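Understanding the architecture of this molecule
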Amino acid sequence: MNTDCPMPVTQDEAIRLGHGSGGVMMQHLLRDVVFPHIANQWTSQGHDSATLAIGNSKVVFTTDSFVVSPLFFPGGDIGELAVYGTVNDLAMSGARPLYLSCSLILEEGLSLSVLERVMQSMARAAAVTGVQLVTGDTKVVERGKGDGLFINTSGIGLIEHSLEIAPQRIDSGDSIILSGDVGRHGMAIMASREGLEFEMPLASDCAPLQSPVLELLAAGVEVHCLRDLTRGGLATALVELAESSGRELAVQEAAVPVTESVQGACELLGLDPFYVANEGRFVAFVPREQAALALAALAKNPLTRGSAVIGNVTEGTHAQVILQNSLGSERLLDRLPGEMLPRIC
Amino acid sequence: MKYLDEYRQRASIEQLAAEITRITSKPWRIMEVCGGQTHAIVKFGLQQFLPDDIELIHGPGCPVCVTSLEMIDRAIAIASRPDVILCSFGDMLRVPGTERDLLSVKAAGGDIRTLYSPLHALTVAEQNPDRQIVLFAIGFETTAPAHALTVRLARERGLENFSLLVSHFLVPPAIETICASGASRVQGFLAAGHVCTITGYKHYQPLADHYRVPIVVTGFEPLDILEGILMCVRQLEQGCHRIENQYSRAVAPDGNHTARAMLEEVFTISDQQWRGVGQIANSGLELSAAYADFDAQKRFSLPASAHQDTSGCISGAIMQGLQKPADCPHFGDRCRPEHPLGAPMVSSEGACAAYFRYCARSTANEH
């Protein structure tokens, strides 16, 4: 009997969808192709935004592109997402978001009423978060060369406190706080895109995070690090933070809230909610003695009422994430390798 | 969550583990046949609950892993045609063919759609009457009834632009091949519960009798698997070799009559090529004469696959329980989920991917 594996190596010479999923493939793309050409003190920090000293101010600058399909989904739409996504990246540096740009890439044939609805949604989201859309750009591409509408927003915010909030500040003994249940956005998009119908409805968690973060700071919590959970989910965010801080994180699976509808849909499709995208959740690393204070502050905001301590930073010297499951056994968490694909049976 | 949490409770798991430890008097090697079981074993760390004397061997029950290189190359050739839309389960897209995988074909402009239900392929066919829709129908007895239903409905609806690229596998002949192999280390089997939901388990009796191995039809939750192991160890300790059914909440002795009748109508049994293992007689399904019109291999003239077996990956040995993923020199190094050298590293049900994802690994961390 032949026991050789007939497996030649395949070469990745073109961009594939997995390069955009926030996992290992994207990490390698940035490391090997993008960063070598633009290396500087900011790109090396592995942060979602750059903190710039301008005059006496600390200005935070970030950008994000939104290519979601469908444009409208249960719990949100691309306009709301384009404002909240960039606002959230600014908030994760502890900044007060101030100004956003808005670039529209429109596909020939897009209905004007759709664009109108998206712009109304952006205006509402800007009002909710107290930011202003102050500049922008509009381009039209031929039919078939865009998915209806792509939006890019860049944003700046101001840091009004003296803390440094960054992965490098994560310390052993820190408590890890998660701001709510995970996996809603990814499952809502998947259900809506593929026409999957579940008994219990799935809605995106799309939400602005600047107010809970600013409230956390106002309560006097000495926040060490913040990270919003987007593509790649909770697992990928934790692994990235373990690697950029050089720390070992221990997380209790049972402490991570997952709603029954997300859990059910994930079980059915063979997906892991720890890797499913979110758009309104973050993790905060705070000194253990301040965890109760932080939870109390977060509990006051409806967006973060479901916050919980899900683990802590250990004394361990390996940069890794240990997940303790409900049975008491342990395993290591890894990043999402590439695109998340439902399994066969 | 109802119907899940009950099977994941620590106290019950520990109780079963203690009983397994109590009755185990010497080393036993048990194979869980299905990749879904392998996935649960590593995800929940079930080996940590077992005594050192119980060794679990991971079987060939991962459809993505065993689909032959030739078949992947055929899917790639079909998907590369401009007149075709290939519909496939997501897992298959990442499995390397001789030169590339389906994701690369998609990146190069091939129209490949990921399905959640085979029936969705019919909708795609109805919406695209000027294109040829090909469903990449892979799997074991579990997914075969859904494919049978799909092709039956296609004929009822008169969909002439629809066909199937069938790569179906049957589990019992693979178990027999493992038993018959002189190198086999397996002393007892946990049979795949979902396969038996369709087929029942009476046909395992001759295998158990002939090779004198206990076979326990087992479910997929932690509690199911530990109970299956307990039943198997009990038989081994007593020197028995019966068929037992741990998964009785889903599996009847005769299986599902409706599904079996549909399989007999749509498919016939054929020889099948298992990737990494080789040809196994009567271990596959192909479309029966009545449905031959829907066979994509007949509809498209496909070039002969020029596949080259390059050694290096030990998937065949792993799927027969002769070696463990960590025994492979490429595991976690050249072979990783984002860059698989072998199919068992692709699917979440593949032993290598499951090990990579869930097991503590010092070497893999260093790369």
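Summary of the structure given here.

Reading the values: rules and limits
- Residues numbered from 1 in each chain as written.
- Chains lettered and ligands numbered in written order.
- Predicted model: local features only at pLDDT ≥ 70, side-chain atom pairs only at ≥ 80, totals over all residues.
- Heavy atoms only, no water.
- Helix = DSSP H or I, 4+ residues; strand = E, 2+ residues; numbered from the N terminus.
- Rg over C-alpha atoms; globule rule 2.2 N^0.38 Å.
- Buried < 20%, exposed > 50% of the residue type's maximum accessible area, 1.4 Å probe, protein only.
- Areas by Shrake-Rupley, 256 points an atom, 1.4 Å probe, with all protein chains shown as cover.
- Lys, Arg positive; Asp, Glu negative; His and termini not counted.
- Charge placed at Lys NZ, Arg CZ, Asp CG, Glu CD.
- Expected span 1.5 Å × (residues − 1).
- Contact = heavy atoms within 4.5 Å.
- Disulfide = S-S within 2.5 Å.
- Core = buried A, V, L, I, M, F, W, Y, C linked by side-chain atoms within 4.5 Å.
- Pairing = 2+ DSSP bridges.
- Axes fitted to C-alpha atoms, helices over the stretch in contact; angles between N-to-C directions.
- Parallel < 35°, antiparallel > 145°, perpendicular 65-115°, else oblique.
- Left-handed = near helix turned anticlockwise from the far one by under 90°.
- Nonpolar A, V, L, I, M, F, W, Y, C, P; charged D, E, K, R; others polar.

Here's the deal with the overall build of chain B
- Scanning chain B for helices and strands turns up 16 helices and 11 strands.
- For chain B, the C-alpha radius of gyration of 21 Å lies close to 21 Å, the compact-globule estimate for 367 residues.
- Viewed in the frame of its principal axes, chain B has a C-alpha envelope of about 65 × 50 × 45 Å.
- Within chain B, the proportion of its 367 residues that are buried is 62%.
- Here chain B displays about 13,900 Å² of accessible surface, and carbon together with sulfur accounts for 49% of that area.
- Where the 32 positive side-chain charges of chain B centre and where its 40 negative ones centre are 2 Å apart.

Focus on helix 1 (residues 10-23) of chain B
- For helix 1 of chain B, which comprises 14 residues, the first-to-last C-alpha distance of 20 Å matches the rise-based estimate of 20 Å (1.5 Å per residue) to within 8%.
- In this fold, the buried residues of helix 1 of chain B make contact with strand 2 (54-61) and helix 11 (222-238) of chain B.

Quick word on the state of the cysteines
- Summed over all chains, the structure comprises one disulfide over all chains.
- With no disulfide of its own, Cys196 of chain B has Cys34 of chain B as its nearest cysteine by sulfur position, at a separation of 10 Å.

Section: the nonpolar core
All names here are of chain B.
- Ranked by size, the top nonpolar core spans 59 residues in total, and within it Leu102, Phe136, Phe189, Tyr204 and Ile215 carry the most contacts.
- Top contributing element to this core by residue count: helix 4 (residues 69-79), with six residues.
- Counting 30 residues, the second largest nonpolar core, distinct from the first, contains Ala121, Phe162, Ala259 and Met262.

Thoughts on the sheet that holds strand 10 (residues 248-252) of chain A
Residue and element names in this part refer to chain A.
- With mixed pairing, seven strands are arranged side by side in an open sheet as 9-11-8-12-10-13-14. Sheet topology places strand 9 (225-228) and strand 14 (330-333) at the edges, where each strand pairs with a single neighbour. Averaged over neighbouring strand pairs, the angle between their axes works out to 25° when direction is ignored.
- Across four bridges, strand 13 (residues 320-324) lies against strand 14 in antiparallel orientation. Looking at the pairing, Leu323 lines up with Arg331 of strand 14.

Quick notes on the packing of helix 7 (residues 144-156) of chain B against helix 12 (residues 257-266) of chain B
All names here are of chain B.
- With their axes 9 Å apart at the nearest point, helix 7 and helix 12 run at an angle of 60° to one another. By the criterion of interaxial angle, the relationship of helix 7 to helix 12 is oblique. Relative to helix 12, the crossing made by helix 7 is left-handed. Facing helix 7, whose interface residues are Ala144, Pro145, Ala148, Leu149, Val151, Arg152 and Arg155, helix 12 presents Ala259, Met262, Leu263, Glu265 and Val266.
- Classifying every residue of the contact of helix 7 with helix 12 gives nine nonpolar, no polar and three charged.

Honestly, it's all geometry; don't read function into it.
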